[in-house]
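Topology and contacts: notes
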Amino acid sequence: MAEKHPGYETAPFSKMRQMQAEGMRLGGKKSTIHGLLEVDVTKARQIIHDHKVRTGETLSFTAFAITCLGKAVDVDRRVHAYRDWRNRLVIFDEVDVNTVFETEDDGEKAIVAYFVRAANQKTFRQIHDEVRAFQAPGAIGARLKGMKLFYTLPGFVRRIFYWVIFRNPHLLKKGFCTVAMSAIGMFGKGGGWGIPVANHTLSVILGGIAEKPALVDGRLENREYLCVTVSFDHVIVDGAQATRFAQRFKELLESGYGLAD
């Protein structure tokens with residue numbers, strides 16, 4: 001509970017925030033490189049709009065982005081590889097995507113993770129239905145209870161847990177997925193990029209959407225551009241490999257991949 005003092009107030013630094021701070025310390029140890037993309041999502045957003053007009057259903061843009069992400073990683077799965085204690089790269093067949101949603105817990109905003117398993121093997125509709133089921137009333141609250149059991153543990157116990165899990169790629173896949181994606185643009189308006197403190201080999205931030213004029217077939221049109229940040233552990237992924245992935249991901253997003261299926 002916040003306490004008011006002359007000229008200032010104090011508020012508890014919650015257990016969830018302490019857990020996030022521990023995660024940031026881990027991410028700060030990686031050799032992360034970032035790429036900033038502008039992606040023309042006009043076609044994708046038009047398909048989503050037309051579908052809503054026709055059916056009344058709002059398709060999940062986050063699910064669409066996860067579908068594209070899974071497909072892009074599937075072409076070169078080394079971009080979500082992890083190094084084990086024997087200095088081998090473990091390259092998983094399944095692309096597991098760790099994404100987050102915001103909820104409220106005891107008056108404080110809380111971030112709750114959701115894992116889309118084997119995103120590279122699922123259609124957009126399958127991922128969309130998963131996401132909507134997780135967002136249904138009561139579903140996020142149930143997941144939050146499980147998280148609260150973890151972050152009420154003593155800090156040193158959590159740090160030992162992190163130390164063990166981030167040195168075992170198979171445990172990491174099970175507990176945190178192989179790829180991270182956050183959609184922060186939904187909380188604001190206009191363009192803008194987010195720069196993560198990344199714990200994964202590959203992390204993606206979906207930023208804001210800005211409307212800009214562009215030449216299309218010789219005509220000037222207003223287009224919608226999504227700001228996307230792709231971040232890689234440079235120890236595992238080199239620049240050329242990262243660039244090829246970014247180009248694939250961009251092309252899939254711009255084509256509206258999976259939305260018309």
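Before any of the text, the structure's been laid out above.
Residues numbered from 1 in each chain as written. Predicted model: local features only at pLDDT ≥ 70, side-chain atom pairs only at ≥ 80, totals over all residues. Heavy atoms only, no water.

A few words now on the overall build of the protein chain. A count of helical and extended segments in the protein chain gives eight helices and 10 strands. Looking at the 261 residues of the protein chain, the share that counts as buried comes to 44%. Carbon and sulfur atoms form 56% of the exposed surface of the protein chain, whose accessible area is close to 14,000 Å². (Helix = DSSP H or I, 4+ residues; strand = E, 2+ residues; numbered from the N terminus. Buried < 20%, exposed > 50% of the residue type's maximum accessible area, 1.4 Å probe, protein only. Areas by Shrake-Rupley, 256 points an atom, 1.4 Å probe, with all protein chains shown as cover.)

This brings us to the pattern of salt bridges. What the rule picks out here adds up to 15 salt bridges. Arg45 serves as the salt-bridge partner of Glu224, at 3.1 Å between the closest nitrogen and oxygen. Placement of Glu224 in strand β10 (residues 219-233) and of Arg45 in helix α2 (residues 42-55) is noted, with a sequence separation of 179 residues between them. Of the charged contacts, one joins Glu94 and Lys173 as a salt bridge, the two residues approaching to 3.1 Å between their closest N and O atoms. Placement of Glu94 in the loop between β5 (89-90) and β6 (97-105) and of Lys173 in helix α7 (residues 169-176) is noted, with a sequence separation of 79 residues between them. Given a relative accessible area of 31%, Glu94 falls into the partly exposed group. (Salt bridge = Lys/Arg side-chain N within 4 Å of Asp/Glu carboxyl O.)

A few words now on the packing of helix α6 (residues 155-165) against α7. Closest axis-to-axis distance for the α6/α7 pair is 8 Å, and the angle between their directions is 120°. One element, α6, and the other, α7, form an angle in the oblique class. Along the contact surface, α6 presents Phe161, Tyr162, Val164 and Ile165, while α7 presents Leu171, Leu172, Gly175 and Phe176. (Axes fitted to C-alpha atoms, helices over the stretch in contact; angles between N-to-C directions. Parallel < 35°, antiparallel > 145°, perpendicular 65-115°, else oblique. Contact = heavy atoms within 4.5 Å.)

Next up on the list: the packing of aromatic side chains. In the structure shown here, the tally under the stated rule is 10 aromatic pairs. Here the aromatic rings of Phe61 and Phe64 are separated by 5.4 Å at their centres, their planes lie at 65°, and the arrangement is edge-to-face. In this pair, Phe61 and Phe64 both sit in helix α3 (residues 61-75), three residues apart, roughly one turn of the helix. Owing to a relative accessible area of 0%, Phe64 belongs among the buried residues under this scheme. Cluster of aromatic residues (ring-pair linked, three or more members): Phe161, Tyr162, Phe166 and Phe176. The cationic tip of Lys173 hangs over the ring face of Phe92; the distance from NZ or CZ to the ring centre is 5.8 Å. (Phe/Tyr/Trp six-rings, centres within 6.5 Å; stacked < 30°, edge-to-face > 60°. Lys NZ or Arg CZ within 6 Å of the ring centre and 35° of its normal.)

Nonpolar side chains tend toward joint burial in soluble globular proteins. Core analysis: the biggest nonpolar cluster contains 47 residues, and Leu69, Val228, Phe245 and Phe249 have the highest contact counts within it. Of all the elements, α3 adds the most residues to this core, at nine residues. The next biggest cluster of nonpolar side chains, apart from the first, holds seven residues, and it includes Tyr82, Phe92, Leu172 and Phe176. (Core = buried A, V, L, I, M, F, W, Y, C linked by side-chain atoms within 4.5 Å.)

Further remarks concern the side chain of Ser60. Looking at the secondary structure, you find Ser60 in the loop between α2 and α3. We classify Ser60 as buried; its relative accessible area is 3%.

Let us now look at the packing of α3 against helix α8 (residues 239-255). Where α3 meets α8, the closest approach of the two axes is 9 Å, and the angle between their N-to-C directions is 140°. In terms of axis orientation, α3 runs oblique to α8. The handedness of the crossing between α3 and α8 is right-handed. Residue-level contacts link Phe64, Ala65, Cys68, Leu69, Lys71, Ala72, Val73 and Val75 of α3 to Phe245, Arg248, Phe249, Leu252 and Leu253 of α8. (Left-handed = near helix turned anticlockwise from the far one by under 90°.)

Moving on, we come to unusual backbone geometry. The phi torsion at Cys177 lies on the positive side, around 75°, for a residue other than glycine. Backbone geometry at Asp217 places phi at a positive 55°, although glycine is not the residue there. With respect to the helices and strands, Asp217 occurs in the loop between β9 (202-216) and β10.

All right, on to the environment of Phe64 then. Residues Phe64 and Thr123 lie 59 residues apart in sequence; the distance between their C-alpha atoms is 9.3 Å. Setting aside chain neighbours within four positions, we find Phe64 in contact with Ala44, Phe124, Leu252, Leu253, Gly256, Tyr257 and Leu259.

Most of β10 is tucked away: 11 of the 15 residues are buried. In this sheet, β10 lies alongside strand β3 (residues 32-40) in antiparallel orientation, the contact comprising nine bridges. Opposite Leu36, over in β10, you have Thr229 as the bridge partner. For β9 and β10, the ladder comprises 13 bridges, and the chain directions are antiparallel. Each bridged residue has a counterpart across the sheet, and for Ala210 the counterpart in β10 is Tyr225. (Pairing = 2+ DSSP bridges.)

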